[in-house]
Amino acid sequence: MSARAGRVPVLALLLVTFAAAAFAQEPIIDVSKRADRRIAIGVGRFETLTTEEVGSPAGDVVAFDLEVSGWFEPKRPGMLPPRAFEDWARLGAEVVAEVRQEGGTLVGAVRDAGTGDVLFRREYPSGRGESLRQRLHRYADDVVLALTGEPGIARSRLTCEWVPPEGGDKRVVTLDLDGFNVRELTGERALEVGPRFAPNGKSIVYTSFSSGFPDVYVHDLVLGTRDRVAHYEGLNADGDISPDGRRIALVLSTDGNPEIYTKDLTTGRILRLTANPATESSPVWSPDGRRLAFVSDRTGGPQIWVMNPEGHDVERVTLRGTYNTAPDWSPDGTRIAYCALRSDGFQVQVVDLATREVTTVTDLGGCEDPCWAPDGRSILYSRKAGGRTDLYVTNLTERRALRVTRGDGRYSTPDWSPVP
Amino acid sequence: MSARFVWKGAAIAATLAVFVGCGGSAPEPETDVVEVDMPEEVPVEVTPPARDDTVKYVDPNVEYRETLQAIHFEFNKYRITSEAKPKLEAIGALLKDHPDWKVLVEGHCDERGTNEYNLALGEQRAQSTKRYLVSLGVRESRFQTVSYGEERPIDPRSNEQAWAKNRRAEFRVEAPGS
């Protein structure tokens, strides 16, 4: 292709600065000049790393990490791996990821598929408390940063509800973005739902039925302790901690039906923000803490509304459809993702708050509970299909759905850690 | 510090018609005007008491199970249906015959829709069921409500028949004398 032929000399010239580029975030490839086209990267099988030590084939790990970043299109070798380096270019790769193990050290590099020049190289020694798999994720994030100038997201953590394959109650788990390393948060045998990270990523708010009723808890991920922050008559649910960490927005029904409240986590002061007989749920803070999005069926079906944290300046955001729920603010605060019931089933949609323009992100149906990636470039959600519920990520540019979890149990209501 | 708000409109009435916040008379779901006592200003500072978690609710004894059967709801609705009213009247009479019983009303939803919203919808079903029984003369302090949203289906299948069974309110009791 002429595009590649034209760029290769540039890549070769940039070779001399690759080390500086990796640290200074000067991109090797200027993705802003490539419109929506992703970088085609050859990802082989990395045969010096075994599936046993990594947990899954090492090439699959790196290919997923690069693809989920939204910047790369992995080219995989298929049945017959390329016998010669030149075969990668014939597969359509512009660059090639190379990973091998030398002693305990992981050596990762990226080479230009046309010239063979090394564009990036870094060593990841053992002994820093990082597993081989974690080092593969770090390599993938470094490749994204070095080649595009944008931070990778492969090491971010997720939380969600999980039902194990043998069945039972939902419980809150944390997991890696590639669906591995699933850990139960509390180990309790009680129904747990609706986890959300605090904005600083250091705690998870969720609802547990361990008292026999739904109560809101804040679980400290550093200390491993938890506080019950709401246990009033009826429903206590949907906790979301404010960006400054001082308040929690939540749904209580102590006054007779589900309404939106805030509770000051220091003083315990509780403010009721809505007052009507309709169903209110799912309050979520805007990133600047000046607005709350929530769901209300006060006009008939459930719709997305926004208000300020005093309950004033109330405005309906979704104007079409009869069922719009589960709002989540984009990290820049300009858009809200939500779940819409349409003629083709439940889909994830995004509404631009300035223009009210609506974009439908998914097309398969059964898609619920969207949340934004920390870089705002993709959306994570759960999808019910064929008796299974898994997490998927869709990049907003490519609109390609990548499955995160692998059907080992049911995964739902995800949230994406705002920090790595 | 409260004002009377009058809610109008068929769409609102369809979902909210059983809400009675101000009167002791039986709810009238066919009306298109709902009157509720509501605080006129938000935010309102509230100091709710902690929940009493000590009541040990159990499934009703066999002899009462036929009366204390589940009632069912329409999709995405929490108003009491005409089929449910005679069942609730029988339940109300039973509860008035056993004034020492405490009652847990559990609200449930079908699997469709988001889990968070279904948790609120299940609570609305439990609350509207409780309010109907209170309107029949059962003391409000005898009730507690819990919503399980879509987490406790009776029938795990994904079809209309299963969904209809799963949209329900159930009753559990603490019956000291029995």
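The coordinates are above.
Residues numbered from 1 in each chain as written. Chains lettered and ligands numbered in written order. Predicted model: local features only at pLDDT ≥ 70, side-chain atom pairs only at ≥ 80, totals over all residues. Heavy atoms only, no water.

Caption draft 1: How the structure looks around empty space enclosed by the protein. Residue and element names in this part refer to chain A. Applying the stated criterion to the full structure yields 4 cavities of 30 Å³ or more. Reported here for the largest cavity is a volume of approximately 110 Å³. Around the largest cavity, the lining is made up of 13 residues, and of these Arg196, Asp369, Pro370, Thr413 and Pro414 lie nearest the centre. Put simply, the parts of the chain that give the lining of the largest cavity at least two residues each are β9 (192-197), β21 (324-329), β25 (367-372) and β29 (410-416). Taken together, the residues that form the lining of the largest cavity break down as 6 nonpolar, 2 polar and 5 charged. (1 Å grid on protein atoms, 1.4 Å probe; cavity = no way out; pocket = protein on both sides within 12 Å on 5 of 7 lines; lining within 4 Å. Points joined across faces, edges and corners; volume = space filled by probe spheres on them. Helix = DSSP H or I, 4+ residues; strand = E, 2+ residues; numbered from the N terminus. Nonpolar A, V, L, I, M, F, W, Y, C, P; charged D, E, K, R; others polar.)

Caption draft 2: A look at the layout of surface pockets. Here the largest pocket is characterised by a volume of approximately 700 Å³. What lines the largest pocket is a set of 35 residues, among which Lys384(A), Thr389(A), Arg410(A), Glu111(B) and Glu150(B) lie closest to the centre. Contributing elements (two or more residues each) for the lining of the largest pocket: β25, β26 (378-385), β27 (388-395) and β29 of chain A together with α5 (160-166) of chain B. Per element, the largest residue contribution to the lining of the largest pocket is 3 residues, and it comes from β26(A). Broken down by class, the residue content of the lining of the largest pocket amounts to 8 nonpolar, 12 polar and 15 charged.

Caption draft 3: Looking closely at the interface of chain A and chain B. Across the contact, 61 residues belong to chain A and 47 residues belong to chain B. Overall, the association of chain A and chain B removes approximately 4,500 Å² of surface from exposure, summing both partners, and the carbon and sulfur fraction of that is 58%. Looking at the side of chain A facing chain B, the largest losses of area belong to Phe213(A), Arg272(A) and Pro277(A), adding up to 15% of the total buried there. Put simply, Arg51(B) and Asp215(A) hold a salt bridge, and the shortest N to O gap is 2.8 Å. At the junction of chain A and chain B, the tally comes to 24 residue pairs in polar contact (both at pLDDT 80 or more). When residues of the side of chain A that touches chain B are traced back to their parent elements, those giving at least two are β9, β13 (236-241), β16 (270-272), β17 (280-285), β21, β25 and β29 of chain A. Partitioning the side of chain A that touches chain B into residue classes produces 22 nonpolar, 21 polar and 18 charged. Bridge count for β16(A) against strand β3 (residues 44-46) of chain B is 3 bridges, and the pairing is antiparallel. Residue pairing in the sheet places Arg272(A) in a bridge with Val44(B) of β3(B). (Contact = heavy atoms within 4.5 Å. Buried area = accessible area lost by both parts, 1.4 Å probe. Salt bridge = Lys/Arg side-chain N within 4 Å of Asp/Glu carboxyl O. Polar contact = N/O pair within 3.5 Å; in protein donor to acceptor, adjacent residues only side chain to side chain. Pairing = 2+ DSSP bridges.)

Caption draft 4: Examining the pairing of β9(A) more closely. All names here are of chain A. By the criterion of burial, β9 is predominantly enclosed, with 6 of the 6 residues buried. Where β9 lies against strand β10 (residues 203-208), 4 bridges are found, and the strand directions are antiparallel. Directly across from Glu192, in β10, lies its bridge partner Ser208. (Buried < 20%, exposed > 50% of the residue type's maximum accessible area, 1.4 Å probe, protein only.)

Caption draft 5: Up close: unusual backbone geometry. The linkage connecting Val42(B) with the following residue, Pro43(B), adopts the cis geometry, with an omega of 0°. Within the fold, Pro43(B) resides in the loop between β2 (33-39) and β3. Although it is not a glycine, Phe46(A) adopts a positive phi angle of roughly 50°. Here Phe46(A) shows up in the loop between β1 (39-43) and α3 (51-54). One non-glycine residue with positive phi stands out, namely Asp238(A), at about 60°.

Read these as layout, nothing more, since geometry by itself doesn't imply function.
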